[in-house]
Amino acid sequence: MQTSAAETASAIYTDVTRENIQPLFSDIAKQISLAEFVAVDTEFTGLGLSNASPVFRFDTADWLTRATDMRDMYKGMANVAKTHALVSMGLSTFVRTSDGMFHVYSFNFILQEQSTHLVSPASIAFLAQNGFDLGKQALQGIRYFSGPNPHPVESRSEEINLEGDLLRKVLFALVRAKKPLVIHNGLFDLVYIYQSFFGPLPDSHESFVFDLHTLFPAGIYDTKLIAESLDPGTASFLAYLYHKSERIHRQRREQAIEALSIKQTKILVREKSGAESDRNPQPRRRPQNTRGGKTPETRPSKPYCEHFAAFGHCKFRDQCRHSHDLEFILDCQQEEAEAPADQDAATEALPVQNGKRKRNDEGSLPPSKILKALGKKMSQLKTESSVLPAENSGSAVAYHTAAYDAYMTGFIFASLRLVHGDAVEEHKNKVFRMGRGVEPLLIQASIYASASTTYRQTIKLIEEMEFPGETAKSEPPAN
């Protein structure tokens, strides 16, 4: 295996397409087997059903993916996954070395489902706005048919059969390795992955959960749920948590406290020309905000977009007048958190006169307090005058490349484990569900459920398959 390595804040990943999945497969399977845990993320052609053409005669009551009752939610999600398709999958393996450093290998699988499927206009617009290359997906996407059959019907080309077989074996290798699986708000990811690579989804969510519990015995961890439980009251969308985690470990290093040490490594792919490719895809960027936005002219209470800071999106998008730069947002939030302490300290430094603290014009306020007060005042002036803040420098990064999202998910998980220790284990096999006050989905084997037919058929294929580095099964002796 040839690699290039770097220590960087941006994600380094290898695009996996129909042209290179075969030479890459053995390295991908090897990194999965060596990993301490594996993080995944997916992109797909639909989150639900809306504005459906009357010709389909859908009963929209069967497509409620945000229903509070888990039976209805699962039914809606299953209907969506059965009729839509994955377009990309990100997979990041976190391999810990003897010195405690994580070596991370990230892969961005470009996918092309060959069965006819539905495409949500909103989902495709979202992908396009975030830089997803639909042309590359059409021309280089790994062609596959949903389901577990490793030898599709003969009418399909041998080339397509090989691509789909190798793609499915990547997921089978993950099951075989028995590694912890890490997701972020990933219930839909699990539903799509199951339908696409293991087979038809079970009829009931109880069987679906039973299958997941058996397929991933080392546990499934949802970083959104863990973060909200261990650090409540702050934003929990993926990019925010990632930047926050990076900041935490920068500060820990400055304070000589144990911090995450990560080196990202990219596998070099030999091109057809024979040359080694070392292209490092960079995070896709949206156009920067401009001052010609359509947001209201009212003076903002903060110099950044509060809606974006809370939820990770803003209806004004690139036209928003306020900053979406997460580093700037975190700076401001840190300032806001420290402001009361600064104010109290400055007040305590004032002299007492007639039982009240009063500023001493003779300069009895310590110089350090004066500087801190001036700094605070400058910050207030900056806030008050920032109706039109400077253009976002870092706000334009689009955090929706599947491999980048998988890397961020794994980074957050490693950070949570280092900072919170065993408390993270209390949230093993709990998956976040949308909706205020909704309990998480527990991934556990219920006495009222059993493995589905899909699981029983697929697990046999997983057990029978041979993977790189494994000794081939010996032939039975002849009679």
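Refer to the structure presented above.
Residues numbered from 1 in each chain as written. Predicted model: local features only at pLDDT ≥ 70, side-chain atom pairs only at ≥ 80, totals over all residues. Heavy atoms only, no water.

Asks: Outline the overall build of the chain, listing residues and values.
Replies: The helix and strand tally for the chain stands at 14 helices and 15 strands. Among the 479 residues that make up the chain, the fraction classed as buried is 48%. In the chain, the share of contacts with a sequence separation of at least 24, taken over all contacts with a separation of at least 6, comes to 78%. (Helix = DSSP H or I, 4+ residues; strand = E, 2+ residues; numbered from the N terminus. Buried < 20%, exposed > 50% of the residue type's maximum accessible area, 1.4 Å probe, protein only. Contact = heavy atoms within 4.5 Å.)

Asks: Can you lay out the side chain of Thr93 for me, pointing to particular residues and giving the numbers?
Replies: Structurally, Thr93 can be placed in strand E4 (residues 86–96). Beyond its immediate chain neighbours, meaning those up to four positions away, Thr93 contacts Gln31, Ile32, Ala35, Phe37, Val38, His103, Val104 and Tyr105.

Asks: I'd love a proper account of the side chain of Thr454, names of residues and values included.
Replies: As for its placement among the helices and strands, Thr454 is situated in helix H14 (residues 453–464). Its relative accessible area of 10% is what places Thr454 among the buried residues. There is a polar contact of 2.7 Å between the side chain of Thr454 and the backbone oxygen of Pro200. When near neighbours in sequence (up to four residues on either side) are disregarded, Thr454 contacts Tyr194, Phe198, Gly199 and Pro200. (Polar contact = N/O pair within 3.5 Å; in protein donor to acceptor, adjacent residues only side chain to side chain.)

Asks: Residue-level account of the packing of helix H2 (residues 70–83) against helix H6 (residues 187–198), with values.
Replies: Two elements in contact, H2 and H6, have axes separated by 9 Å at closest approach and are oriented at 50°. Between H2 and H6, the interaxial angle falls into the category oblique. Crossing geometry of H2 relative to H6 is assigned as right-handed. Of the residues in H6, those touching H2 at Met70, Met73, Met77, Ala78, Val80, Ala81 and Lys82 are Leu187, Phe188, Val191, Tyr192 and Gln195. (Axes fitted to C-alpha atoms, helices over the stretch in contact; angles between N-to-C directions. Parallel < 35°, antiparallel > 145°, perpendicular 65-115°, else oblique. Left-handed = near helix turned anticlockwise from the far one by under 90°.)

Asks: Provide a residue-level description of helix H8 (residues 223–230), including the pertinent values.
Replies: When we look at burial in H8, the residues that qualify are Thr223, Lys224, Leu225, Ile226 and Ala227. Summarising the contacts, the buried residues of H8 are in contact with strand E7 (181–183), strand E8 (220–222), helix H9 (238–254), helix H13 (402–420) and strand E14 (430–431). The N-cap of H8, judged by a side-chain oxygen 3.1 Å from the amide nitrogen of Lys224 a few residues on, is Asp222.

Asks: Talk me through the packing of aromatic side chains; I want residue IDs and the actual numbers.
Replies: Counted under the stated rule, the structure contains 19 aromatic pairs. Here the aromatic rings of Phe37 and Phe102 are separated by 5.8 Å at their centres, their planes lie at 70°, and the arrangement is edge-to-face. Of this pair, Phe37 sits in strand E3 (residues 37–44) while Phe102 is found in strand E5 (residues 102–113), placing the two residues 65 residues apart along the sequence. According to the relative accessible area criterion, Phe37 is buried, its value standing at 0%. Arranged with centres 6.3 Å apart and planes meeting at 80°, the rings of Tyr242 and Tyr404 form a pair that is edge-to-face. With a gap of 162 residues between them, Tyr242 in helix H9 and Tyr404 in helix H13 connect regions that are remote in the sequence. As far as the burial class goes, Tyr242 and Tyr404 line up, both buried. Members of the aromatic cluster, each reached through a chain of ring pairs, are Phe37, Phe94, Phe102, Tyr221, Tyr242, Tyr404, Tyr407, Phe411 and Phe413. (Phe/Tyr/Trp six-rings, centres within 6.5 Å; stacked < 30°, edge-to-face > 60°.)

Asks: Give me the lowdown on empty space enclosed by the protein, citing residues and values where you can.
Replies: Considering all chains together, one arrives at two cavities of 30 Å³ or more under this definition. Of the voids in this model, the second largest cavity is the one considered here, and its volume is about 30 Å³. Lining the second largest cavity are Leu181, Leu190, Ile193, Tyr194, Phe198, Leu212 and Phe216. Considering each element in turn, the lining of the second largest cavity owes the most residues, four residues, to H6. Broken down by class, the residue content of the lining of the second largest cavity amounts to seven nonpolar, no polar and no charged. (1 Å grid on protein atoms, 1.4 Å probe; cavity = no way out; pocket = protein on both sides within 12 Å on 5 of 7 lines; lining within 4 Å. Points joined across faces, edges and corners; volume = space filled by probe spheres on them. Nonpolar A, V, L, I, M, F, W, Y, C, P; charged D, E, K, R; others polar.)

Asks: Please provide a residue-by-residue account of the packing of helix H7 (residues 205–215) against H14, values included.
Replies: Two elements in contact, H7 and H14, have axes whose closest approach is 11 Å; the angle formed by their N-to-C orientations is 15°. As judged from the angle between their axes, H7 and H14 are roughly parallel. The two elements H7 and H14 meet at a crossing, and its hand is right-handed. Of H14, the residues touching H7 (which contributes Asp211, Thr214 and Leu215) are Tyr455, Ile459 and Ile462. Split into classes, the residues belonging to the contact of H7 with H14 amount to four nonpolar, one polar and one charged.

Asks: How would you sum up H9? Please name residues and give values.
Replies: Over its 17 residues, H9 runs 25 Å from end to end, which matches the ideal 24 Å to within 8%, given 1.5 Å per residue. Of all 17 residues that make up H9, twelve are buried, and the element is covered over most of its length. Every buried residue belonging to H9 is among Leu238, Ala239, Tyr240, Leu241, Tyr242, His243, Lys244, Ser245, Glu246, Arg247, His249 and Arg252, and all of these are buried. Positive phi shows up at Ala256, right after H9, with a value of about 60°. (Expected span 1.5 Å × (residues − 1).)

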